[in-house]
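Breakdown of the fold
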Amino acid sequence: MIIYFKRAIKDILEHRFLSAVTVVTISISILIASAFTLFFINANAIVNSWKKGIRIMVYLKPDIPDIKVTAIQRNIREMKGVKDVRFISKKEALKRLKDQLGRQSSLLDNLKENPLPDAFEIQLMETFQNQDKIEKLAARLGSLKPVDEVEYGQVWLGRFTNILNLFRLTGFAMGSLFLVATVLIVANTIRLVFYSRQKDVEIMRLVGATDGFIKAPFYIEGLIQGALGGIIGLGALFVLFMFISSNMGRELTSSLFTIRFLSWETFLGIWGCSMFVGWIGCFVSLKQFLKP
Amino acid sequence: MIDPQGKGSIIRLFHVHKNYGAVKALSDVTVDISKNDFLFITGPSGAGKTSLLKLLYYGEPVSEGQVLIDGMNLSRISHKRIPMLRRKFGIVFQDYKLIPTKTVFDNIAIVLETIGKKRRFIEKKIRSVLRTVGMENSIHSLPPTLSGGEQQRIAVARAIVGDPKIILADEPTGNLDEDSATVILDLLKKFHTRGATVIIATHDKELIRKTGGRVIYLKQGRILPIIPPQNVRQ
């Protein structure tokens, strides 16, 4: 094994320029792929935290008697997926609105009557926080006779999720394209190294070297290049991440969400993937060139 | 003469033909080579000497016929077994076939590395064979810095380092002056006395007469009757 390592390192040093091109290509691909991964991990975390805060507001028709309100509240509480129901009277709603408006609340002073409806604020169980289930529950609530309107911010959340999915698809497509391109570049580099070593390989075969003996250093070379490219790519991503996160408003990140770097598992996974890319590049090249 | 049982034979060829497209390099070659034989294959250029040697170490497959090497039938040999076959041979080429970017030590070490020998054994063995060929001081030299005769001695060292059963030498003295050629021949004879079968392809009749041994004469890809070396005409 040590012999193979020595031969691989010697090959890399003898073909410094080619090896450097391969390592840089791998690192750029890994940087792009891992930047997408980092974005999705954080975007998913944000969406999940928003989803946890989803409430359904049920607005009642005017002049529903108190006794009926209590009955509806009981009815809603028994519905599947409902964690808590709170009645917000039109009076309380107006007070909340005035609090939110602050200094501009005087605008509401001239109102002859309270235009806001009575409402229920419904909190959902965590297991129930997905688009389909929320939509079904909202439809059921909407079918109740005293209910005028049901609102749960589905439109913007749906749009955001769709945009995120589009990004995810683009990310996968771009990441895959870059990785395929990298595999081909690695394969090409190994092919060039192999061409320059063709006479050596011929001599090795004449003295009884097996294909394994000939191939092993090339595979190790691919793995080393993949490992180096991966570390450089991930290192560059970490530097970028530190730069961006330190320039982002601390208040913004702490109040809305916390952006995080890749977990160790993901980091090692991407690094392994990068070594695999180096290896598979060698495999493609050698399969073609070491035919019997 | 062919021994039907093949007892004592290390190489047997039965009605071997080798064609390169329409060109017939070898036609109906049948030959038996015994263990510890010292054999010359001679004939004019293009007679098929190199083609015959190539068939032995499976440098090329036969077009027709059968080749048996130390019990291995090359007609049925799988790709995986070819390295095993080649380890039975030590091959010396006219153009030496040394890797120019590797030192003398590394060139010879490949043979032992392929069979998984330990580093300490490899170092000891290489020093020993280099002493045998008189090149122990060139262990760290690169082949292009050596003369033709010296490079051929390194090639012989590489051929004998794995203690092969058979030494094949294809025009081993073709590029050498007379003194260097004598050194190479002496080395091959020395290895023959240790029990190896030595097969030398050459068109140098003077060399054959001086050295002695069995001679196979090839002409237009066919074997002519075996003749004693002293009767080989200039």
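The following paragraphs examine the structure supplied in this document. These numbers come from a predicted model, not from an experiment. In this numbering scheme, every chain counts its residues from 1 along its sequence in written order. Whichever chain is written first is A, and whichever ligand is written first is 1; the rest continue in order. Where totals are concerned, whole chains, interfaces and linings use all residues; where local detail is concerned, this predicted model gives features only for residues with pLDDT of at least 70, and gives and counts side-chain atom pairs only at 80 or more.

1. Comments concerning the sheet that holds strand β2 (residues 23–34) of chain B
Residues and elements named next belong to chain B. Short version of the rule: In short, DSSP must find at least two bridges between two strands for them to pair. Strands here are runs of E lasting at least two residues and helices are runs of H or I lasting at least four, both read from the DSSP assignment and numbered beginning at the N terminus.
In space, the four strands of this open sheet follow the order β2-β1-β4-β5, with antiparallel pairing throughout. Each edge of the open sheet carries a strand with a single partner, namely β2 and β5 (72–73). For strand β1 (residues 9–20) and β2, the ladder comprises eight bridges, and the chain directions are antiparallel. If you follow Asn19 over to β2, its bridge partner there is Lys24.

2. With respect to the sheet that holds strand β2 (residues 82–88) of chain A
Residues and elements named next belong to chain A. The condition is simple: Between the N-to-C directions of two axes lies an angle of 0 to 180 degrees, each axis being a line fitted to C-alpha atoms and, for a helix, fitted only over the stretch in contact. Two residues qualify as a contact pair if the distance between their C-beta atoms, derived from the backbone, is within 7 Å.
Strand order in the open sheet formed by four strands is β2-β3-β1-β4, with antiparallel pairing between adjacent strands. Because the sheet does not close on itself, it has two edges, and the strands there are β2 and β4 (147–151). The sheet shows a mean angle of 20° between the axes of neighbouring strands, taken without regard to direction. Note that strand β1 (residues 55–60) and β4 share four bridges and pair antiparallel. Within β4, the residue paired with Met57 across the bridge is Glu151. The strands touched by helix α5 (residues 131–142) within the sheet are β1 and β4, with β4 carrying the most contacts at an inclination of about 165°.

3. Thoughts on the interface of chain A and chain B
Selection rule: Each residue gets one of three labels, nonpolar for Ala, Val, Leu, Ile, Met, Phe, Trp, Tyr, Cys and Pro, charged for Asp, Glu, Lys and Arg, and polar for the others, Gly among them.
Across the contact, 11 residues belong to chain A and 12 residues belong to chain B. Looking at which element gives the most residues to the side of chain A that touches chain B, the answer is helix α7 (residues 198–206) of chain A, with four residues. Among the residues making up the side of chain A that touches chain B, the classes are represented as eight nonpolar, two polar and one charged.

4. Digging into the pairing of β1 of chain B
All names here are of chain B. Taking the residues between adjacent antiparallel strands as the criterion, β1 and β2 are bridged by two residues, where Gly21 takes a positive phi near 65°. Pairing of β1 with strand β4 (residues 64–69), which is carried by five bridges, proceeds in the antiparallel orientation. Across the sheet, residue His17 finds its bridge partner in β4, namely Glu64.

5. Quick look at the nonpolar core
Just so we agree on the cut-off: Joining buried Ala, Val, Leu, Ile, Met, Phe, Trp, Tyr and Cys residues through C-beta atoms within 7 Å gives a set, and that set is a nonpolar core. Note on burial: count the other C-beta atoms lying within 10 Å of the residue's C-beta; 20 or more is buried, 12 or fewer is exposed, in between is partly exposed, and C-beta positions come from the backbone.
Of all hydrophobic cores here, the largest spans 73 residues; its most connected members are Val156, Ala157, Ile167, Leu168 and Leu188 of chain B. Ignoring anything within four residues of it in the chain, the contact list for Ile167 of chain B reads Gly90, Val92, Ala159, Leu188, Phe191, Ala196 and Val198 of chain B. One finds Leu31, Ala33, Leu237 and Leu286 of chain A within the second-largest nonpolar core, a separate group that totals 22 residues.

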